[in-house]
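Survey of secondary and tertiary structure
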Amino acid sequence: MDLQQMTEVGCTDARSLVTFGGRCIFANTESVYITSGIDAVSLMEDRIESYWQSLFTSYTPAADAWTISAGIHRGRFLFVTVLNGTTQVATLMCDLPRRAWTRLSNMPHKQYASAYGVSPELYAASADEARVYALSGIFNPSSSVKNDAD
């Protein structure tokens, strides 16, 4: 057996690790990547990679304040949040089959957790208050929840 390094790409924050279709998604300050264990492919290349990298202009590796967290909703939508302390730098959502990215505001989440079963849900822990949010409502807004949290 010959052990060899598969790629030069690494993960900045373990909270960014999620699985999708038998593959692993992870993030660092350069991009968000997907891998099957053979090589790492950027999900942002030729899309928003330069924007992503611009988010980290004041990033200091030695500072422990930065967080990159990720979660998957319905096995399709990837949420990625970048925080500097409790301040939201950016939250992005990617429709993974299409690799289409969009920015979301007012979502300073430090950690995500997916729930499966009768009703799939993605939960997010707030970075600035003791609160957990269920995120599925953003896909089906209704007047009954218009004043619910943010």
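As shown above, the structure is provided for reference.
Residues numbered from 1 in each chain as written. Predicted model: local features only at pLDDT ≥ 70, side-chain atom pairs only at ≥ 80, totals over all residues. Heavy atoms only, no water.

Some remarks on the nonpolar core
One finds I25, V32, W52, L78 and W101 to be the most contacted residues of the largest nonpolar core, which totals 24 residues. Looking at this core, the element that brings in the most residues is strand 5 (residues 66–73), giving 4 residues. Sequence-distant contacts of V32, defined by excluding residues within four places in its chain, comprise I25, F26, A27, V41, S42, L43, M44, W52, L78, V80 and W101. Listed in part, the 9 residues of the second largest apolar core include M93, M107, Y112 and L135. (Core = buried A, V, L, I, M, F, W, Y, C linked by side-chain atoms within 4.5 Å. Buried < 20%, exposed > 50% of the residue type's maximum accessible area, 1.4 Å probe, protein only. Helix = DSSP H or I, 4+ residues; strand = E, 2+ residues; numbered from the N terminus. Contact = heavy atoms within 4.5 Å.)

Notes on the sheet that holds strand 11 (residues 132–134)
Strands sit in the order 9-10-11 across an open sheet of 3 strands; the sheet is antiparallel. The open sheet is flanked by strand 9 (109–115) and strand 11, the only strands paired with a single partner. Within the sheet, the average angular offset between the axes of one strand and its neighbour, ignoring direction, is 25 degrees. (Pairing = 2+ DSSP bridges. Axes fitted to C-alpha atoms, helices over the stretch in contact; angles between N-to-C directions.)

Here's the deal with the environment of Y51
Along the chain, Y51 turns up in helix 1 (residues 49–54). Considering only alpha carbons, one finds Y51 and S31, 20 residues apart in sequence, at a separation of 9.6 Å.

Looking at the packing of aromatic side chains
How two aromatic rings sit relative to each other is set out by the distance from centre to centre and by the angle between their planes. Within the structure shown, the criterion is met by 8 aromatic pairs. For the pair F56 and Y59, a centre-to-centre distance of 5.9 Å together with 90 degrees between the ring planes defines the contact as edge-to-face. You can call Y59 partly exposed: its relative accessible area is 24%. Measuring from ring centre to ring centre gives 4.7 Å for F77 and F139, while their planes differ by 40 degrees; the resulting arrangement is tilted. Remark: F139 occurs in the segment after strand 11 and F77 occurs in strand 6 (residues 77–84); sequence separation between them is 62 residues. Exposure remark for F139: the relative accessible area of 22% places this residue in the partly exposed category. Clustering of aromatic rings is evident, with ring pairs tying together W52, F56, Y59 and W66. (Phe/Tyr/Trp six-rings, centres within 6.5 Å; stacked < 30°, edge-to-face > 60°.)

Bear in mind that shape data such as this cannot, by itself, settle questions of function.
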